[in-house]
Protein chains: 2
Amino acid sequence: MAAEIAHNVHVALGERAYDILIGDRLLDHAGSILAERFPGRRYGIITDNMVAEAQLPRLLASLDAAGLSHSEIILPAGESTKSFAHLETAVEGILAARLERGDLVIALGGGVIGDLAGFAASIARRGMDFIQMPTSLLAQVDSSVGGKTGINSPHGKNLIGAFHQPRLVLADLSTLDTLSPRQFAAGYAEVVKYGLIDDEEFFFWLEEHQAEIFAGGPARGEAIARCCRHKARVVIEDEKELGVRALLNLGHTFGHALEKDTGYSDRLLHGEGVAIGMVLAHGFSARLGLAPSQDTGRISAHLKKAGLPTILADIPGALGSTETLMAAIAQDKKVARGALTFILTRGIGQAFIEKNVDGAAVSAFLDEMRGSA
Amino acid sequence: MAAEIAHNVHVALGERAYDILIGDRLLDHAGSILAERFPGRRYGIITDNMVAEAQLPRLLASLDAAGLSHSEIILPAGESTKSFAHLETAVEGILAARLERGDLVIALGGGVIGDLAGFAASIARRGMDFIQMPTSLLAQVDSSVGGKTGINSPHGKNLIGAFHQPRLVLADLSTLDTLSPRQFAAGYAEVVKYGLIDDEEFFFWLEEHQAEIFAGGPARGEAIARCCRHKARVVIEDEKELGVRALLNLGHTFGHALEKDTGYSDRLLHGEGVAIGMVLAHGFSARLGLAPSQDTGRISAHLKKAGLPTILADIPGALGSTETLMAAIAQDKKVARGALTFILTRGIGQAFIEKNVDGAAVSAFLDEMRGSA
């Protein structure tokens, strides 16, 4: 049977160019797709124990049917896997499997696995090719595309890593059916982000199609393809995030600080932190007189309808002090030569990079947002 | 006082181009050189406890005199520092010092520190600039130039790392005066290597100037500059080692296997392994009828005069079995798709890459070399 590729988004990065294939049950066709595109390679699959149970058998059956040689490295699920210790396990696993420079690493899983496996591939034998097979909505629309790989540090998220583009992204829509509603919603926050950055029309389209996207209709694949096209365009323009790519961090500076404060735990998923962060970024922009405050309300309503948290008080348990949050914001890697850099906005679809944000104003705004809890 | 730069070798790698400055007491001038070339940066110095004692005070005094801000990360000396654990210490140290993307990491030390600090810089904040300040002969003529960085794996040497070019190399000749004769000789093996690869005239020049190089006369700086020019030329032609750069591995496949077998210990320094490896590569080429056997003798005599080991029996203690050595050779990263790749030679200055070396012939040759011990 032929693969049902509903969308093919090309990332035109010269000699690092690759395709993002989006479609139903692509994992069942992975073997034939890989055999055709990368003849004669061997494969090392990195995944986590949850995804190994839900998706790995399909991928292995497909590789076996195509006669492809493979080995597996299974790590624990969860954000805490993005550590030095698990990076070492992944890299040593690649070496123990005797994969060579011409062979391929497969990242099968969500954002954590994609970031970790991509980073492991980038440093094993000083750089091996790898393929992203994202199984979460967040990974399909964001982390699997664009080549940012890495792990977390006690000093902050994603502070250690490499720019390493995949050779192919295979997004199987059927994997999303196994996500919990909470995980799906968390990924949806990143979908909304693309509309908020510079595509007002996409945000309005999401307002109309939200139910269909959550139910799994054709709008789901369409939304994912639109996000990938958006991200591909940005990555082509600014691969190493020296400029415009920073817009993709909308909501992330606040979000990362909240994630750090909650210990990268189940209390707050990454996408949930981004949801609150985007509302905060809009609210702070409104406070500065840059954006209409009704936009903040409209965004907040849309995210809430998706089941996402939108205010600090939605986070279970006590948060650290404003000083602690500000310290986390200052250590976030989107700091340039001491000045606070934030993604601010003039309204829905009008985000911009502001490199001289007054820390005291952010701190006062956060204080107020805590008080309003 | 102005810096006494005796040689400036430019590595023309486009936007990754950099200079190698070679001269006496350059560490004492580092502050003014850096202030002029990289205004407004902060510095994180990574070094080891031995070099910290011998060289760090000079560098710090020079940075202080130029008003440059700096912090220091001091690791234990020795090959075992090229591990995941010390990589983590180095990276977290960079982050703890709050160095930003625009700041600079300085690798002050020999090959171990250069490889480790360069790798740490390449992954901290997904890539920071760094400067090599090599303090050993081996680092000055080889490891500090060309952007290969990394750590060792239980599966083999340098199997984990990145290609990350320095922004500047500062080779202070006076640091070589503090090396032990054994360490200096080990570095000298890499000097000889450049002649053996494709520069017969340089090898003959070394035979004439060996005493002056060991005594510290002007021929020492001249030899280092010639090695750097050679390496720069190769790196410009083949930065990622897809082809001709592999010639620089002459003697290294045997050498790495011996280093692994002796536990990367004081029993065999890297350059000592390379010395024996180069003699073995010439001997094996002669055995295959490719090279004149008198070349092997001439090379061996030159290395011996430098105080280097040249045969397996020169290694103190018992070696592993030939099978163990062959397994290490097969796992060495210079393996392409299963076939054994070796740097062989047709004589002094005539090395070439052979991708289809018969493992059984290598094994038989090693057996014989052990027997002749």
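Residues numbered from 1 in each chain as written. Chains lettered and ligands numbered in written order. Predicted model: local features only at pLDDT ≥ 70, side-chain atom pairs only at ≥ 80, totals over all residues. Heavy atoms only, no water.

1. Examining the relation of the copies chain A and chain B
Here comes step 1: When chain A is fitted to chain B, the best match, at an RMSD of 0.0 Å, comes from turning it 180° and sliding it 0.0 Å along the axis. As the rotation angle and translation indicate, the two copies are arranged about a two-fold axis. It is Phe 84 of chain A whose C-alpha, among those of chain A, lies nearest the rotation axis, at 3.9 Å.
Here comes step 2: By residue overlap, the copies meet face to face through one surface: 100% of the interface positions of chain A are interface positions in chain B. (Least-squares fit on C-alpha atoms with pLDDT ≥ 70 in both. Contact = heavy atoms within 4.5 Å.)

2. Things to note about the interface of chain A and chain B
Here comes step 1: With 42 residues of chain A at the contact, the number on the chain B side is 42 residues.
Here comes step 2: Summing the contributions of chain A and of chain B, the shared interface buries around 3,500 Å²; its carbon and sulfur component is 47%.
Here comes step 3: Counting the contacts that link chain A with chain B gives 8 residue pairs in polar contact (both at pLDDT 80 or more).
Here comes step 4: At the level of elements, helix 4 (84–96), helix 5 (111–123), strand 7 (148–153), strand 8 (156–163), helix 13 (322–331) and strand 10 (335–336) of chain A are the ones that each hand at least two residues to the side of chain A that touches chain B.
Here comes step 5: Among the elements that take part in the side of chain A that touches chain B, helix 4 of chain A stands out by supplying 7 residues, more than any other.
Here comes step 6: Its residues assigned to classes, the side of chain A that touches chain B comprises 17 nonpolar, 10 polar and 15 charged. (Buried area = accessible area lost by both parts, 1.4 Å probe. Polar contact = N/O pair within 3.5 Å; in protein donor to acceptor, adjacent residues only side chain to side chain. Helix = DSSP H or I, 4+ residues; strand = E, 2+ residues; numbered from the N terminus. Nonpolar A, V, L, I, M, F, W, Y, C, P; charged D, E, K, R; others polar.)

3. Thoughts on the packing of aromatic side chains
By convention here, two paired aromatic rings are described through the distance between centres and the angle between planes.
Here comes step 1: The full count for this structure, using the stated rule, is 15 aromatic pairs over all chains.
Here comes step 2: Where Phe 284 of chain A meets Phe 365 of chain A, the ring centres are 5.3 Å apart and the plane angle is 55°; that geometry is what we call tilted. Here Phe 284 of chain A, found in helix 11 (residues 270–287), pairs with Phe 365 of chain A, found in helix 14 (residues 359–371); they are 81 residues apart in sequence, far enough to count as distant. Taken as a pair, Phe 284 of chain A and Phe 365 of chain A share a single burial class, namely buried.
Here comes step 3: Ring geometry for Phe 254 of chain B against Phe 342 of chain B: centres 5.0 Å apart, planes inclined by 55°, an arrangement best described as tilted. Pair noted here: Phe 254 of chain B is in helix 10 (residues 252–261) and Phe 342 of chain B is in strand 11 (residues 339–345), with a separation of 88 residues, a long-range link.
Here comes step 4: For Phe 342 of chain B, a relative accessible area of 2% translates into the label buried.
Here comes step 5: Lying over the aromatic face of Phe 352 of chain B, Arg 346 of chain B brings its terminal NZ or CZ to 4.0 Å of the ring centre. (Phe/Tyr/Trp six-rings, centres within 6.5 Å; stacked < 30°, edge-to-face > 60°. Buried < 20%, exposed > 50% of the residue type's maximum accessible area, 1.4 Å probe, protein only. Lys NZ or Arg CZ within 6 Å of the ring centre and 35° of its normal.)

4. Side note on the pattern of salt bridges
Here comes step 1: Within the structure shown, the criterion is met by 44 salt bridges over all chains.
Here comes step 2: Of the charged contacts in the structure, one is a salt bridge between Asp 28 of chain A and Arg 25 of chain A, with a shortest N-O distance of 2.8 Å.
Here comes step 3: The partner of Glu 259 of chain B in a salt bridge is Lys 157 of chain B, and the shortest N-O contact between them spans 2.8 Å. Highlighted residues: Glu 259 of chain B in helix 10 and Lys 157 of chain B in strand 8 (residues 156–163), separated in sequence by 102 residues. (Salt bridge = Lys/Arg side-chain N within 4 Å of Asp/Glu carboxyl O.)

5. Things to note about the sheet that holds strand 3 (residues 43–48) of chain B
Residues and elements named next belong to chain B.
Here comes step 1: The strand order 1-2-9-6-5-3-4 describes an open sheet built from 7 strands, whose pairing is mixed. Where the open sheet ends on each side, the last strands, each with one partner, are strand 1 (5–11) and strand 4 (70–75). Within this sheet the neighbouring strands show an average axis-to-axis angle of 15°, counted without direction.
Here comes step 2: In this sheet, strand 6 (residues 129–134) lies alongside strand 5 (residues 104–109) in parallel orientation, the contact comprising 6 bridges. (Pairing = 2+ DSSP bridges. Axes fitted to C-alpha atoms, helices over the stretch in contact; angles between N-to-C directions.)

6. A closer look at the pairing of strand 5 (residues 104–109) of chain A
Residues and elements named next belong to chain A.
Here comes step 1: With 6 of 6 residues buried, strand 5 lies mostly within the body of the structure.
Here comes step 2: With burial as the criterion, each face of strand 5 is covered, one bearing Leu 104, Ile 106 and Leu 108 and the other bearing Val 105, Ala 107 and Gly 109.
Here comes step 3: In terms of strand pairing, strand 3 (residues 43–48) meets strand 5 through 4 bridges, oriented parallel. Directly across from Tyr 43, in strand 5, lies its bridge partner Leu 104.
Here comes step 4: Handedness of the strand 5-helix 5-strand 6 (residues 129–134) crossover: right-handed. (Right-handed = clockwise from strand over helix to strand, strands pointing away.)

7. A word on the domain arrangement of chain A
Residues and elements named next belong to chain A.
Here comes step 1: The assigned domain composition of chain A is domain 1 (5–178) and domain 2 (181–371).
Here comes step 2: The C-alpha-based centres of domain 1 and domain 2 are spaced at 26 Å.
Here comes step 3: Counting residues at the interface gives 32 residues for domain 1, matched by 33 residues for domain 2.
Here comes step 4: Approximately 2,800 Å² of surface area, both sides summed, lies buried where domain 1 meets domain 2, with 64% of it carried by carbon and sulfur atoms.
Here comes step 5: Broken down residue by residue, the surface that domain 1 buries against domain 2 is led by Leu 137, Val 141 and Lys 157, which jointly contribute 22%.
Here comes step 6: For the pair domain 1 and domain 2, the interface holds 5 salt bridges.
Here comes step 7: At the boundary of domain 1 with domain 2, the tally comes to 11 residue pairs in polar contact (both at pLDDT 80 or more).
Here comes step 8: Where the side of domain 1 that touches domain 2 is concerned, the elements lending two or more residues are strand 1 (5–11), strand 2 (18–23), helix 6 (137–143), strand 7 and strand 8.
Here comes step 9: For the side of domain 1 that touches domain 2, the leading source of residues is helix 6, giving 6 residues.
Here comes step 10: Grouping the constituent residues of the side of domain 1 that touches domain 2 by class yields 15 nonpolar, 11 polar and 6 charged. (Domains from an automatic or database assignment.)

8. With respect to the environment of Glu 368 of chain B
Here comes step 1: With respect to the secondary-structure elements, Glu 368 of chain B resides in helix 14 (residues 359–371).
Here comes step 2: Within the local environment of Glu 368 of chain B, its side chain forms a polar contact with the side chain of Arg 287 of chain B, the two groups lying 2.5 Å apart.

9. Digging into the packing of helix 7 (residues 181–198) of chain A against helix 8 (residues 200–215) of chain A
Residue and element names in this part refer to chain A.
Here comes step 1: Their axes nearest at 7 Å, the elements helix 7 and helix 8 cross at an angle of 160°. Here helix 8 runs roughly antiparallel to helix 7, going by the angle between their axes. Side by side, helix 7 and helix 8 meet where Phe 184, Ala 185, Tyr 188, Val 191, Val 192, Tyr 194, Gly 195, Leu 196 and Asp 198 of the first sit next to Glu 200, Phe 202, Phe 203, Leu 206, Gln 210, Ile 213 and Phe 214 of the second.
Here comes step 2: When its residues are assigned to classes, the contact of helix 7 with helix 8 shows 12 nonpolar, 2 polar and 2 charged. (Parallel < 35°, antiparallel > 145°, perpendicular 65-115°, else oblique.)

10. Thoughts on the packing of helix 10 (residues 252–261) of chain A against helix 13 of chain A
All names here are of chain A.
Here comes step 1: One can describe the packing of helix 10 onto helix 13 by two numbers: an axis separation of 9 Å at closest approach and a directional angle of 120°. Taken together, the axes of helix 10 and helix 13 are oblique relative to one another. The chirality of how helix 10 crosses helix 13 is right-handed. For the pair helix 10 and helix 13, the contacting residues are Thr 253, Phe 254, Ala 257, Leu 258, Lys 260 and Asp 261 in the first and Thr 324, Leu 325, Ala 328 and Ile 329 in the second.
Here comes step 2: Residues of the contact of helix 10 with helix 13, tallied by class, amount to 6 nonpolar, 2 polar and 2 charged. (Left-handed = near helix turned anticlockwise from the far one by under 90°.)

11. Quick notes on the environment of Ile 160 of chain A
Here comes step 1: Summarising the element assignment, Ile 160 of chain A is placed in strand 8.
Here comes step 2: Each C-alpha atom of the pair Ile 160 of chain A and Thr 149 of chain A lies 8.5 Å from the other, and the pair is 11 residues apart in sequence.
Here comes step 3: Excluding residues that lie within four positions of it along the chain, Ile 160 of chain A makes contacts with Phe 84, Phe 119, Thr 149, Gly 150, Ile 151, Asn 152 and Ser 153 of chain A together with Val 91, Glu 92, Leu 95, Ile 123 and Arg 125 of chain B.

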